[in-house]
Amino acid sequence: MANDEARWVAQASAGDAAAFRHLVETHSSALFRVCARITGDKALAEDAVQEALFNAYRHLREFDGRSAFSTWLHRIAVNAALEQMRKRNRVEDALPEGEEGHEVYENAFDAPAGPDRHATSAEIRRDIERELSRMSTIERTAFVLKHHEGQSLEDISATLSLSISASKQAIFRAVRKLRAALDPLDIEG
Amino acid sequence: MNTTIRDEDLILYRYRDGLDASRLAEIEAALAASAELRERYAALERTLAHVDALPAPEPDADFNARLWRQLEPRIAPRPRVQRVSWSDRLREWLSPPRFAFAAACLVALAVGVGFYAGRRSAPNAPTLASADADAAAARVLDAYVAAHLRATEGVLMTASNSDSAELLDGNRELAASLVEANRLYALAAARAGNTQLADFLRQIEPVLISLANQQQSGTVQPSEGLREYLNSTDLMFQVRATQARLERAGAHRT
């Protein structure tokens, strides 16, 4: 399988449009999923995938095969998704300060849980989706890369141009926000 | 013991990342020893399980086809345009595919005008043949304008997203080549009575001209105004929507 993919990549790199189309069709859905999770918007995700694939095509010769082709593509796609968000002025320039953030979470933990809260899976889904949409782009992206993509903290840090410590903090904030949204009384620090 | 285990530690433990082996072992031992810590860890697992239960965002069925339609004109090799003599330019015009484009438009135009004239001279008896010719002309025009808009979208996307001077140079040349075709299609659409399409194509023309006349490589500054314009208007959306509408109309007429 890996050899097959290497062959497709080599052919595409040599200008074979059909080979590149094969790669597009193989990876586009996975790229769409990660971009949609980061942007929270299917139209933006589609634009991001298109840009990512176009950029990948332009730089195919630079792919050295040290990582899997899908890993390389995903990194380009994540950057394209962040670029789409930046264009829409949705990306924060920096992570929020730690102290300020802790206050938010502490308040969230103190919030009382209603007796009928999360009665249905639809409500849970709504709560999670609302919370994901409220997160900063950095928090959501770090969480998506860790939880859904299974990336290492090192890779996440490289992708987001953050320190490992800042990447960890972004993931912590994302998870704690989700927990606070779903079941505030569950959490004690 | 569990007072030293924070939520952050449990999150890293869950993902088995960012903790050294001794810290992992400590947490594992603490979990075994403390029911309260196990409950906190279970709460974390429940939260993440809820996230996993969300349906994965999936593209629609046409996604791959749409993606490729938009990518293909952007990745097509674009030979650099050089100064050519009028005879070479004429030869180029007479060779496919550009000649095919122009010929198709002229056919569409001629058929449209012929049908219009025929209908005026015999208003009560439109023949089946002229109706067929009219539909065929409209189908041809739709197909070529849709292809033209695909290429236009690629040019706009590249202008909007690329900082590569080399790429922007190629894009400028492609935009220049589209200006002429755009005028031709606007004319054909107007003659065929499709004023909405004609107006839309005329609306694109200044953008294509602006792209075609951008400064040569060396600076991306001239692109910024255009990018802002593209980002602040729905021109890209309109190009896509019109292209999709024409493709649907073409399929419907077939």
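Residues numbered from 1 in each chain as written. Chains lettered and ligands numbered in written order. Predicted model: local features only at pLDDT ≥ 70, side-chain atom pairs only at ≥ 80, totals over all residues.

Remarks on the overall build of chain B
Part 1: Regarding its fold elements, chain B presents eleven helices and zero strands.
Part 2: Reading chain B from its N terminus to its C terminus gives the helix and strand order α-α-α-α-α-α-α-α-α-α-α.
Part 3: Scored against the burial criterion, the 254 residues of chain B give a buried share of 29%.
Part 4: In chain B, of all internal contacts separated by at least 6 residues, the share reaching a separation of at least 24 is 73%. (Helix = DSSP H or I, 4+ residues; strand = E, 2+ residues; numbered from the N terminus. Buried ≥ 20, exposed ≤ 12 C-beta atoms within 10 Å, placed from the backbone. Contact = placed C-beta atoms within 7 Å.)

Things to note about the overall build of chain A
Part 1: Along its length, chain A carries nine helices and zero strands.
Part 2: Element order for chain A, N to C, with α for helix and β for strand: α-α-α-α-α-α-α-α-α.
Part 3: Taken across its 189 residues, chain A has 39% of its residues classed as buried.
Part 4: Taking as baseline every contact in chain A between residues at least 6 positions apart, the subset at least 24 positions apart corresponds to 67%.

With respect to the confidence of the model for chain A
Part 1: With 79% of its residues at a pLDDT of at least 70, chain A reaches an overall mean of 82.
Part 2: Here residues 90-116 of chain A scores under 50 on pLDDT; set against residues more than four positions off or in separate chains, the count is 28 contacts. (pLDDT = per-residue confidence, 0-100.)

Here's the deal with unusual backbone geometry
Part 1: The phi dihedral of Ser161 of chain A falls on the positive side, at around 55°, and the residue is not glycine.
Part 2: Along the polypeptide, Ser161 of chain A turns up in the loop between α8 (153-160) and α9 (164-182).
Part 3: Using a count of 10 C-beta atoms within 10 Å as the deciding quantity, one classes Ser161 of chain A as exposed.
Part 4: Despite not being glycine, Arg16 of chain B has its phi angle at roughly 50°, a positive value.
Part 5: Mapped onto the elements, Arg16 of chain B comes out in the loop between α1 (7-15) and α2 (21-33).

So, the interface of chain B and chain A
Part 1: Contacts between chain B and chain A engage 30 residues on the former and 40 residues on the latter.
Part 2: Elements with a minimum of two residues in the side of chain B that touches chain A: α1, α3 (35-53) and α4 (63-75) of chain B.

Some details on the packing of helix α4 (residues 69-87) of chain A against helix α7 (residues 137-148) of chain A
To characterise two packed helices, one gives the angle between the axes of the helices and the distance between these axes.
Residue and element names in this part refer to chain A.
Part 1: For the pair α4 and α7, the least separation of the axes is 12 Å and the interaxial angle reads 160°. In this view, α4 runs roughly antiparallel relative to α7, as classed from their interaxial angle. Handedness of the crossing formed by α4 with α7: right-handed. Contacts from Val78, Leu82 and Met85 in α4 reach Thr137, Thr141 and Leu145 in α7.
Part 2: Considering only residue class, the contact of α4 with α7 consists of four nonpolar, two polar and no charged. (Axes fitted to C-alpha atoms, helices over the stretch in contact; angles between N-to-C directions. Parallel < 35°, antiparallel > 145°, perpendicular 65-115°, else oblique. Left-handed = near helix turned anticlockwise from the far one by under 90°. Nonpolar A, V, L, I, M, F, W, Y, C, P; charged D, E, K, R; others polar.)

Here we look at α7 of chain A
Part 1: Across its twelve residues, α7 of chain A extends 15 Å between first and last C-alpha, which sits within 8% of the 16 Å expected from 1.5 Å per residue.
Part 2: Most of α7 of chain A sits inside the fold, with ten of its twelve residues counted as buried.
Part 3: The set of residues buried in α7 of chain A consists of Thr137, Ile138, Glu139, Arg140, Thr141, Ala142, Phe143, Val144, Leu145 and Lys146 of chain A.
Part 4: Each element contacted by the buried residues of α7 of chain A is listed here: α2 (17-39), α4, α6 (121-134), α8 and α9 of chain A together with α1 of chain B.
Part 5: Positive backbone phi, approximately 65°, marks Gly150 of chain A, located one or two places after α7 of chain A. (Expected span 1.5 Å × (residues − 1).)

Here we look at the packing of α2 of chain A against helix α3 (residues 42-58) of chain A
Residues and elements named next belong to chain A.
Part 1: Two elements in contact, α2 and α3, have axes whose closest approach is 8 Å; the angle formed by their N-to-C orientations is 135°. The orientation of α2 with respect to α3, classified from their angle, is oblique. At the point where α2 passes α3, the crossing takes the right-handed sense. Judged by residue contacts, Phe20, Val24, Ser28, Leu31, Phe32, Cys35, Ala36 and Thr39 of α2 engage Lys42, Leu44, Ala45, Glu46, Ala48, Val49, Ala52, Leu53 and Tyr57 from α3.
Part 2: Class assignment for the residues of the contact of α2 with α3 results in 13 nonpolar, two polar and two charged.

Re the environment of Ile124 of chain A
All names here are of chain A.
Part 1: Following the sequence through the fold, Ile124 ends up in helix α6.
Part 2: You can call Ile124 buried: it has 20 C-beta atoms within 10 Å.
Part 3: The spacing of Ile124 and Ala181 is 57 residues in sequence and 9.1 Å in space, taken between C-alpha atoms.

Notes on the environment of Val51 of chain B
Part 1: When you line up the elements, Val51 of chain B lands in helix α3.
Part 2: Excluding anything up to four places from it in sequence, Val51 of chain B contacts Ile128, His147 and Leu178 of chain A.

Digging into the confidence of the model for chain B
The predicted structure's coordinates, where accompanied by low pLDDT, should not be read in detail.
Part 1: Across chain B, the average pLDDT comes to 77, with 70% of residues at 70 or higher.
Part 2: For this predicted complex, the interface confidence reaches an ipTM of 0.78, while the overall pTM sits at 0.58.

Quick notes on the nonpolar core
Part 1: Counting residues in each nonpolar core, the largest one holds 57 residues, and the members touching the most others are Cys35, Ala48, Val49, Ala52, Ala77, Ala81 and Ala142 of chain A.
Part 2: If we ignore the near neighbours within four places in the chain, the residues touching Ala77 of chain A are Leu31, Val34, Cys35, Ala48, Val49 and Ala52 of chain A.
Part 3: Counting 28 residues, the second-largest nonpolar core is a separate cluster that includes Ala137, Tyr144, Leu149 and Ala181 of chain B. (Core = buried A, V, L, I, M, F, W, Y, C linked by C-beta atoms within 7 Å.)

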